[in-house]
Structure formats: C-alpha cells, structure tokens
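Chain residues, written in single-letter form:
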Amino acid sequence: MKRIVIALALVLCAAQPALADKVATPIPIGIAVAQTSNVALFGQEQVNGAKLAEERLNAAGGVNGTKIALVFQDTAGDEAGAVNAFQNLLNRDKVVAIIGPTLSQQAFAANPIADRAKTPVVGPSNTAKGIPEIGEFVGRISAPMTQVAPNSLKQAMKIKPDLKRVAVLYAQNDAFSSSETTTFQDAIKELGLETVTVQKFQTTDTDFTTQVTAVLGANADLVVISGLAADSGNLVKQLRQLGYKGLIVGGNGLNSPNMFPVCGALCNDVLVAQAYSPGAVDKNPVNKDFAAAFEAAYKKGPAQFSAQAYAAVQVVVEALAKIEKETGKKIADFELADLRAALNKSLRTGTYLTPMGEISMAPSGEVQQKDFYVSKIVMNPDGKTGAFVLVS
Ligand code: PYR
C-alpha cells in the first residue's frame, strides 16, 4: 500500500505542469539529432547547420537582443535514443522547442512525448508521410518525399527517354524508407513505367548480393533506392561491382556527402531529388549568404541536412521574435508552459526566408515549400569526396 501511495505521488508530481518555470536565458532550444551510430552520417551535418545558425543568429542579436543557446542531446540512431534525448530536453533542460529527431522512424516514437508535454517539435529531416499528424505540437520544415522524390524519376526519363523497366529497393525496417518507396512506386505507375522487381533489405545489411542478383535478373534499366546512407551506399557499390550499368535514383537517404566514402567512385551519376541545393543561389540571397558562411566555417559546401537544420533554428528564432513583437513582452518574462504554447502558434504564422527559399508552416504543422531540385553525384578523382551537381 505504502509503495502504491509513493508511486502515485511520484506520478502526480511528474504530471504537474512546470508552471513555476520561467524561460531561461539564454533561451534554450533543444537539438535532438544523431551524433553517434550510422545515422550520424546525417546527424553530423545537422549539428554543423544548427551550430552555424546559433552563431550567426546570436551575432545578429538573437531574439531582439536576448541570445539563444542550443542544447544538444545525442539521439543515436534508434527510437530509444530519441525518446531519452527528448525526455532530457523537456524535463531537465526545459527547452522552449525541440528540433529533431533525425529519422522519421525516431519521430514516430519520440514526438508524442513532446506533444504530451505541449512543447513544439520542428522536424528538420523527417520526410515520411504522417509526421505532422502525430500531434498538435508536431511540425516540420523538411518537405515530405511525396512532394520531392518523383522529380528524380522525371529527370531519369529525361536522360533516358526509352526508360521502361524499374527495380525498386527499400529498407523495410525504416519508416521513412517504407514511406518513400510507396511514393516512388506510385510515381513509377503514373509516369507509365513498369516495376519489374521490388526488393527489401535492412538498414543494418552490408551484403546485397541477393537483391542485386534479382535486379540483374529482372533486366532493369532504372534502380530506385529508399534506404539510409550506409546501407544505400553499399547497395550502390555492389550494384556497380556486380555489373549493373543502368541509371540509379536515390531517395533522401542518399542525400548526404557522408555517403560518398561508402560507394566511392561508384557513387557517380546517382540522381537525387533535393529540398535544398547549394547551387541554387541566384534567386535567393539568403542561400548565397548561408552557403558562403558554411563554406568559410567548415571548408566545404552545405548539404541538405545542414541547410534544413540551419533553417529549423532560424524559424524557431523568428517565431520567438514574433511573439515579443505581438505581445510586447520579453521571452524571459514568460512562464515556460505559456511560451511553449505561444511558440507553437507563432511557428505556424507568417513566412520564413530560409536557405531553402521561402517556407511556411501550415496550421497542421506541414511545411509549405516551393522550390525543389534534382542533383547528380559527381565524385572527385580521390574517390572519397564529390558533390551533388544541380541538374534541374
Ligand atoms: C527521414 O527519416 O524522414 C529521412 O528523410 C531520412
């Protein structure tokens, strides 16, 4: 009985909204991305983008003169890591919002925790169907693959107009990959192409002999891959090593230069649809400025995952500034619970001029973005470094 009473008391305490908490200064914004595991191939790029945003936005005055402080929590690559990171950021670090996690697979597990804590989540790289639907406090600035991915198929058809036979491969243990492949498979049908084989794999796989044998046996002239960076890089490498000579379209999991060392020179010519391109600077001075600052800081051009993480921090900071403007009250004078609720609303109003162009967040939390790109991987002679070269 005594144990039950103590347990009940603990539950009641934990359930109490942190009404007494004021927003700390500098204003804490959580960054829950993968800094370890294979998913860090994306996460490291996100850390770079977020850190650059913190530095530049603070140098420009932060939120009307109040600085922000990013609080980094490593989610590693799985759901448990993301849940743990979210809990720390919400309860210990008392952040005003969480930017993260890296994978949709992690978002489906961790975002409901932030939603229950009435704390806004801004997804910087969650592109599966169903992310904003997780809850009222869940939004994203990463365009869903339903809008982005089909562009790469259209580009493949431009390169090879007699294209017909498509092999589809996807990681069945990953929510984003399973979602993206349905988008690809629908688009393949709509574009009048024929799916000649569908092959599944795991994100932890390193040997793709079975899948490649099936692709070669099906006589495909286009291969479409939905996976993460390490697995997809190995798959591309083994397709080429075993003699596949046709076109390859990669989904968002192949959208990282950190994949280049995995497939090396054999990454050449893979087509990838993108929500950001460092090459698209002509019409967007914000991107020009960002790309130059990134290059100066890291001695390399920004990848999509970096640009989206930068944009996520920018969007949160601008939404905070809007709250001050509209209420005439400084962020530090808010109670945390009130600020989190106000921020969720503010995020969903107005537009943001980011490195990805002008974006906004619908009341549902879905991003609204206009410009998308397709790039081709071009490797350098060193076989380790390369670039996504804009083709459309
Ligand atoms: C996702 O997990 O949603 C990615 O796009 C990588």
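Preceding this section is the structure that the text describes.
Along each chain, numbering runs from 1 in the same order as the chain's sequence is written. Given that this is a predicted model, residues contribute local features only at a pLDDT of at least 70 and side-chain atom pairs are listed and counted only at 80 or more, while totals for whole chains, interfaces and linings are drawn from all residues. Each side-chain value is worked out from all heavy atoms of the structure, with water and hydrogens disregarded.

Student: Looking at this model, I keep getting lost on the nonpolar core. Mind explaining?
Tutor: Buried residues of nine kinds, namely Ala, Val, Leu, Ile, Met, Phe, Trp, Tyr and Cys, make up a nonpolar core once their side-chain atoms join them within 4.5 Å. Note on classification: 1.4 Å probe, protein chains only; a residue is buried when its accessible area is under 20% of the maximum for its type, exposed when over 50%, partly exposed between these limits. One finds Val96, Val313 and Leu320 to be the most contacted residues of the largest nonpolar core, which totals 103 residues. Here a helix means four or more residues in a row that DSSP labels H or I, a strand means two or more in a row labelled E, and each is numbered from the N terminus. Ranked by residue count, the leading element in this core is helix 12 (residues 304-327), at 14 residues. Setting aside anything within four residues of it in sequence, one finds valine 313 in contact with Ile31, Ala50, Ala53, Leu57, Ile68, Leu70 and Ile99. Grouped together as the second largest cluster of nonpolar side chains are 13 residues, Val71, Ala82, Phe86 and Ile98 included. Pairs of residues are marked as contacts when any of their non-hydrogen atoms sit within 4.5 Å.

Student: Could you clarify how one ought to interpret empty space enclosed by the protein in this entry?
Tutor: Where empty space is left becomes clear once a probe the size of a water molecule has been rolled over the atoms. We place a 1 Å grid over just the protein atoms. Points where a 1.4 Å probe fits but has no way out form a cavity, open points with protein on both sides within 12 Å along at least 5 of 7 lines form a pocket, and any residue with an atom within 4 Å of a point lines it. Grid points are joined across faces, edges and corners, and a volume is the space filled by probe spheres set on the points. Taken as a whole and assessed by the stated rule, the structure comprises two cavities of 30 Å³ or more. The computed volume of the largest cavity comes to approximately 70 Å³. Lining the largest cavity are Phe42, Thr102, Leu103, Ser104, Ser125, Asn126, Thr127, Phe176, Leu228, Asn252, Gly253 and Phe305. Note on residue categories: nonpolar means Ala, Val, Leu, Ile, Met, Phe, Trp, Tyr, Cys or Pro, charged means Asp, Glu, Lys or Arg, and polar means any other residue, Gly included. The class makeup of the residues in the lining of the largest cavity is five nonpolar, seven polar and no charged. A domain assignment, automatic or from a database, supplies the domain bounds used here. The two domains that each donate at least three residues to the lining of the largest cavity are domain 1 (2-142 + 285-361) and domain 2 (147-274 + 373-390). Within this model, the second largest cavity holds a volume of roughly 30 Å³. If you trace the second largest cavity, you find it lined by Ile31, Val33, Gln46, Ala50, Ile99, Pro124, Ala309 and Val313. Listed by contribution, the elements that provide at least two residues to the lining of the second largest cavity are strand 1 (27-33), helix 2 (40-59) and helix 12.

Student: How should I be thinking about the site of the ligand in this particular structure?
Tutor: The ligand sits among Leu103, Ser104, Ser125, Asn126, Thr127, Ala128, Phe176 and Asn252. Identification of polar contacts relies on pairs of N or O atoms within 3.5 Å, with a donor-acceptor requirement for protein atoms, meaning one able to donate a hydrogen and the other able to accept it, and with residues adjacent in sequence counted only if both atoms are side-chain atoms. Asparagine 252 is positioned such that a nitrogen or oxygen atom in its side chain is 2.9 Å from an oxygen atom of the ligand. When atom positions are compared with the pocket grids, the ligand is found to occupy the largest cavity. Along the lines of polarity and charge, the residues of the shell around the ligand split into three nonpolar, five polar and no charged. Proximity is defined per residue: any heavy atom of the residue falling within 4 Å of a molecule or strand makes that residue near it. Occupancy of a cavity or pocket is assigned to a molecule whenever over half of its atoms lie within 2 Å of that pocket's grid points.

Student: Looking at this model, I keep getting lost on the packing of aromatic side chains. Mind explaining?
Tutor: What describes a pair of aromatic rings is the distance from one ring centre to the other and the angle between the planes of the rings. Two aromatic rings, drawn from Phe, Tyr or Trp (for Trp, its six-membered ring), form a pair once their centres lie within 6.5 Å of each other, and the interplanar angle then sorts them: stacked below 30 degrees, edge-to-face above 60, tilted otherwise. Scanning the entire structure with this criterion turns up seven aromatic pairs. Between the aromatic rings of phenylalanine 290 and tyrosine 310, the centroid separation amounts to 4.6 Å while the plane-to-plane angle is 50 degrees, which identifies the pairing as tilted. With phenylalanine 290 in helix 11 (residues 285-298) and tyrosine 310 in helix 12, the pair connects residues that are 20 residues apart, well separated along the chain. Tyrosine 310 matches phenylalanine 290 in its accessibility class, with the two residues each being buried.

Student: Any chance you could explain the sheet that holds strand 13 (residues 367-369) here in plain terms?
Tutor: Sheet strands line up and pair through hydrogen bonds in the backbone, either parallel or antiparallel. Across the sheet, which stays open at both edges, the three strands sit in the order 11-12-13 with antiparallel pairing between neighbours. One side of each edge strand has no neighbouring strand; the edge strands of this open sheet are strand 11 (352-354) and strand 13. Averaged over all pairs of adjacent strands, the angle between strand axes in this sheet comes to 35 degrees, irrespective of strand direction. Only strands joined by at least two bridges in the DSSP assignment are considered to pair. Where strand 11 meets strand 12 (residues 357-361), three bridges bridge the pair, whose relative direction is antiparallel. The axes used here are C-alpha line fits, helices contributing only the stretch in contact, and every angle between their N-to-C directions lies in the interval 0 to 180 degrees.

Student: Looking at this model, I keep getting lost on the pairing of strand 15 (residues 386-390). Mind explaining?
Tutor: Along any regular strand, the residues point their side chains to alternate faces of the sheet. Across five bridges, strand 14 (residues 373-379) lies against strand 15 in antiparallel orientation. Counterpart to valine 378 in the pairing with strand 15 is alanine 387. Hairpin connection from strand 14 to strand 15: six residues lie between these consecutive antiparallel strands, with glycine 383 at a positive phi of about 70 degrees.

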